[in-house]
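Residues per chain are reported as follows:
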Amino acid sequence: MIKFDNVSKRYADGQEALSGISFEVSRGEFAFITGHSGAGKSTLLKLILAMETPSSGQLIANGVNLNRVSKTQIAHHRRQIGTVFQDHQLLRDRSVYENVALPLEICGYQPNDAARRVRAALDKVGLLNKEKNFPEALSGGEQQRVGIARAVVNRPSIILADEPTGNLDPELSAEVMKVFQQFQSVGVCLLVASHDAALIERLNCRTIVLEGGKLLADQKLRPHA
Amino acid sequence: MSATKRGNDNPNQPRLNRNTRAGQSESFGDLVKLHRRFARGSAIRLLQTPASSLVTLFVVAVALLLPALMFGLNSNLASLLAGFQDSAQITLYLQDSVSEADGQKVSDDLLTRNDIEDAYYVSPSQALDEFGASSGLEGLLIEMTANPLPGAIVLTPSDVSSSAVDELARQLQELSLVDVVQVDSLWLQRLAAISNLVNAIGSVLSVIVILGLFFVVGNTIKLAIENRKAEILVIKLLGGSDMYAARPFLYTGLLYGLGGGILATLLQGIILATFNSNLEVLMRLYQSDFQLRGFGLMSSLLVIVAGAAISWTAALMASLRHIRAIDP
Ligand SMILES: Nc1ncnc2c1ncn2[C@@H]1O[C@H](COP(=O)(O)OP(=O)(O)OP(=O)(O)O)[C@@H](O)[C@H]1O
Ligand SMILES: [Mg+2]
């Protein structure tokens, strides 16, 4: 589903954010990406979302060759991906409901159909009672959960999440992970960048460790889990 | 939501299908509803910045008004010309040797030409009577032994444009019995020339105005896009196409064009009303009840529709250009 083949990313200022990364994540797989701040986690997710293009190496996600994509292909590609952004990326002048409905609106869903899906997604993250609020009136954790609801509302085939539990307490984090695991169980491929060692430990998922842009380790599941 | 409900052998294909299905299953009513929502959103945004929106609206209106007034003035001139068509006269003074019967025959022959609307013969004695009546010198004329006036034929050309009248006069000069051809419609020809000039100015102005509208609307859209850069960025990150992100701005352009067109027709109504009250005094001196007419329904609609079309196109070009530049 996602295949990195010796991928490097050098930013315009010469900063080498990723170098020689190779790994593969298949459908129905749930993988964490960890590493210190600046290790290249966000860059890796941005490559998959076609926000950046690889400097070298081959990257294929969801059947799309991300080394060479047209504008229309990018737009279509992104509609198949649910993304939780590190900085939320919520629209301040739209309500929680409208924010979560945005991916459906983009795909041209009928309002009735969209309304059911939005409510269901908000229910999953426990924010059904806040649908009329505006993001500024929400706590950091609540904003984060709106971002998660928006990422899953369109039933994507890939979910990318950048520090989705950074502002959440352990219980809420566990809730969010349960939502993610539901999607995993129906074949969605999940890549979650996280610092949260305890959470990663508890979930016992595949873990890709980055260090200074290099792939330090790719730990599969512990057999006894 | 029911992620669990979805059978997922090939998560790519079903999703593609589902998205197109969602798109296609929109009924016409849903589409109308969707567009109405976008239009309302754009209108609300315009109202949120009333001052700058009004300025733009006014500029659009004035830009549309200038060529519209020109064409309006021209159509008034044209109708004025048509009203005076009768007075576009050509007088043929016949040679002294021509008898009354021959003169009448020439006149009747001329009537068969289709570039001549009307022709009648004035015999030398009729001419003398008319002259006497209009000059008040009847008494004096009775004393005269010989009639010094020639016979004449008074013509009304079918086409009063100056070139047509000139050509007709040239042809008539060739007739054997004709002595002098006198065109009485020089001022009318001047008016026609002025009408042509006004028309030409209107055309040039239209081109300038279209370019100007592109600039004004384009710039307004550019500012609006800059203000909503964050939103466009998010839309693009979620897979919205440039066209999708441009949609609200197209409505903004459309609203400016419609509003500007309506304002322009209102303004021209006010301007004409002001003009007419002054014109009335002038026209009374000329014993005419001529009045400048407004655009009329069709022309007003044309101004509004043209304004909307130009403004929408300008918005389309500007928004696609500036949205393309926003790259996540
Ligand atoms: N747009 C950019 N231009 C230049 N350099 C960049 C850019 N974005 C990231 N970098 C650099 O690339 C490296 C990796 O950044 P990245 O954001 O991927 O780290 P990260 O692992 O997500 O860190 P964090 O845990 O703090 O979010 C950093 O050294 C950063 O300075
Ligand atoms: Mg990061």
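Residues numbered from 1 in each chain as written. Chains lettered and ligands numbered in written order. Predicted model: local features only at pLDDT ≥ 70, side-chain atom pairs only at ≥ 80, totals over all residues. Heavy atoms only, no water.

Caption draft 1: The overall build of chain A, seen in detail. Helices and strands together make up the secondary structure of chain A, namely 7 helices and 10 strands. In terms of overall dimensions, chain A is globule-like: its C-alpha atoms have a radius of gyration of 17 Å, near the 17 Å expected for 225 residues. Dimensions of chain A along its principal axes, counting C-alpha atoms only, are 45 × 45 × 35 Å. Relative to its 225 residues, chain A shows a buried fraction of 57%. Surface accessibility of chain A: about 9400 Å² in total, with carbon and sulfur atoms responsible for 47%. (Helix = DSSP H or I, 4+ residues; strand = E, 2+ residues; numbered from the N terminus. Rg over C-alpha atoms; globule rule 2.2 N^0.38 Å. Buried < 20%, exposed > 50% of the residue type's maximum accessible area, 1.4 Å probe, protein only. Areas by Shrake-Rupley, 256 points an atom, 1.4 Å probe, with all protein chains shown as cover.)

Caption draft 2: Seen up close, the packing of helix α5 (residues 140-152) of chain A against helix α6 (residues 170-185) of chain A. Residue and element names in this part refer to chain A. Look at α5 against α6: their axes get within 12 Å of each other, and the N-to-C directions meet at 5°. Our classification of the angle between α5 and α6 gives roughly parallel. For the pair formed by α5 and α6, the contact residues are R145, I148 and V152 on the first element and L172, V176, F180 and F183 on the second. When grouped by side-chain class, the residues that make up the contact of α5 with α6 number 6 nonpolar, no polar and 1 charged. (Axes fitted to C-alpha atoms, helices over the stretch in contact; angles between N-to-C directions. Parallel < 35°, antiparallel > 145°, perpendicular 65-115°, else oblique. Contact = heavy atoms within 4.5 Å. Nonpolar A, V, L, I, M, F, W, Y, C, P; charged D, E, K, R; others polar.)

Caption draft 3: Layout of the sheet that holds strand β1 (residues 90-94) of chain B. All names here are of chain B. The 4 strands are arranged β2-β3-β1-β4 in an open sheet whose pairing can be described as antiparallel. Each end of this open sheet is capped by a strand with a single partner; those strands are β2 (116-122) and β4 (178-183). Neighbouring strand axes in the sheet, compared pairwise and without regard to direction, differ in orientation by 20° on average. Two elements, β1 and β4, share 5 bridges in a ladder whose sense is antiparallel. Across the sheet, the residue bridging to Y93 is V180, located in β4. Packing against the sheet, helix α4 (residues 100-111) makes contact with β1, β2 and β3 (152-157), and its axis sits at approximately 175° to β2. (Pairing = 2+ DSSP bridges.)

Caption draft 4: The domain arrangement of chain B, seen in detail. Its domain assignment divides chain B into domain 1 (33-83 + 190-325) and domain 2 (89-184). Taking only C-alpha atoms, the centre of domain 1 of chain B and the centre of domain 2 of chain B are 52 Å apart. (Domains from an automatic or database assignment.)

Caption draft 5: Spotlight on the site of ligand 1. Residues and elements named next belong to chain A. Looking at ligand 1, there are 14 residues lining it, with S37, G38, K41, S42 and T43 nearest. Between ligand 1 and S37 there is a distance of 2.5 Å, counted from an oxygen atom to a side-chain nitrogen or oxygen. H195 places a polar side-chain atom, nitrogen or oxygen, 3.3 Å from an oxygen atom of ligand 1. Considered on its own, ligand 1 offers 630 Å² of accessible surface; in the complex 69% of this is hidden by protein. (Near = heavy atom within 4 Å. Polar contact = N/O pair within 3.5 Å; in protein donor to acceptor, adjacent residues only side chain to side chain.)

Caption draft 6: Structural view of the nonpolar core. All names here are of chain A. Counting 41 residues, the largest nonpolar core has F30, F32, V100, V118 and F180 as the members making the most contacts within it. For this core, the elements supplying multiple residues, two or more each, are β3 (30-34), α3 (96-106), α4 (111-124), α5, β7 (158-162), α6, β8 (189-193) and α7 (197-203). Those residues in contact with V118, other than ones at most four positions away along the chain, are Y97, V100, A101, L104 and V153. (Core = buried A, V, L, I, M, F, W, Y, C linked by side-chain atoms within 4.5 Å.)

Caption draft 7: Local environment of the coordination of the magnesium ion (ligand 2). Residue and element names in this part refer to chain A. Listed as protein donors to the magnesium ion (ligand 2) are S42 (OG) and Q86 (OE1); their distances from the metal cover 1.9 to 2.3 Å. Of this pair, S42 sits in helix α1 (residues 41-48) while Q86 sits in the loop between β6 (81-84) and α3, and the two are 44 residues apart along the sequence. Residue Q86 is classed as partly exposed on the basis of its relative accessible area of 43%. (Donors = N, O, S within 2.8 Å, 3.2 Å for Na, K, Ca; no water.)

Caption draft 8: Region of interest: the packing of aromatic side chains. All names here are of chain A. Here the structure, examined in full by the defined rule, presents 3 aromatic pairs over all chains. Judged by centre distance (4.7 Å) and plane angle (15°), the rings of F4 and F23 are stacked. With F4 in strand β1 (residues 2-10) and F23 in strand β2 (residues 16-25), the pair connects residues that are 19 residues apart, well separated along the chain. Given a relative accessible area of 2%, F4 falls into the buried group. Overall, F23 belongs to the buried group, its relative accessible area being 5%. Connected via pairs of aromatic rings, a cluster forms that spans F30, F32 and F180. (Phe/Tyr/Trp six-rings, centres within 6.5 Å; stacked < 30°, edge-to-face > 60°.)

Caption draft 9: Molecular detail of the environment of D5 of chain A. Residues and elements named next belong to chain A. Inspection of the secondary structure assignment puts D5 in strand β1. The partly exposed category is assigned to D5, whose relative accessible area is 38%. Considered as a pair, D5 and Q58 are 53 residues apart in the sequence and their alpha carbons are 5.0 Å apart. Leave out the neighbours within four places in its chain, and D5 touches I21, S22, G57 and Q58.

Caption draft 10: Region of interest: a nonpolar patch on the surface. Together, F58, V62 and L66 of chain B line one region of the surface with nonpolar side chains, adding up to about 250 Å² of accessible area. When you line up the elements, L66 of chain B lands in helix α3 (residues 50-83). (Patch = residues over 30% accessible without salt bridge, like charges linked within 9 Å, V, L, I, M, F, W, Y side chains within 5 Å. Salt bridge = Lys/Arg side-chain N within 4 Å of Asp/Glu carboxyl O.)

Caption draft 11: Representation of the sheet that holds β6 of chain A. Residues and elements named next belong to chain A. The mixed open sheet is built from 6 strands, whose spatial order is β6-β7-β8-β3-β9-β10. Since the sheet does not close on itself, it has two edges, and those belong to β6 and β10 (214-219), each with one partner. Neighbour-to-neighbour, the strand axes of this sheet turn through a mean angle of 15°, independent of strand direction. Judged from the 4 bridges that link them, β6 and β7 form a sheet pairing that is parallel. Paired with G82 across the bridge in β7 is I159. Each of β3, β6, β7 and β8 is contacted by α6, which is oriented at about 130° to β3, the strand it contacts most.

Caption draft 12: Spatial organisation of the pattern of salt bridges. All names here are of chain A. On inspection of all chains with the given rule, the structure shows 17 salt bridges over all chains. Residue K132 pairs with E131 through a salt bridge whose shortest N-O separation is 3.8 Å. Take K132: its relative accessible area is 66%, and that puts it in the exposed class. Since its relative accessible area comes to 12%, E131 is described here as buried.

Caption draft 13: Molecular detail of the packing of α3 of chain A against α5 of chain A. Residue and element names in this part refer to chain A. The interhelical angle for the contact between α3 and α5, taken along N-to-C directions, is 30°, at an axis separation of 7 Å. Between α3 and α5, the crossing angle belongs to the class labelled roughly parallel. As α3 runs across α5, the sense of the crossing is right-handed. Touching V96, N99, V100 and P103 of α3 are V146, A149 and R150, all from α5. (Left-handed = near helix turned anticlockwise from the far one by under 90°.)

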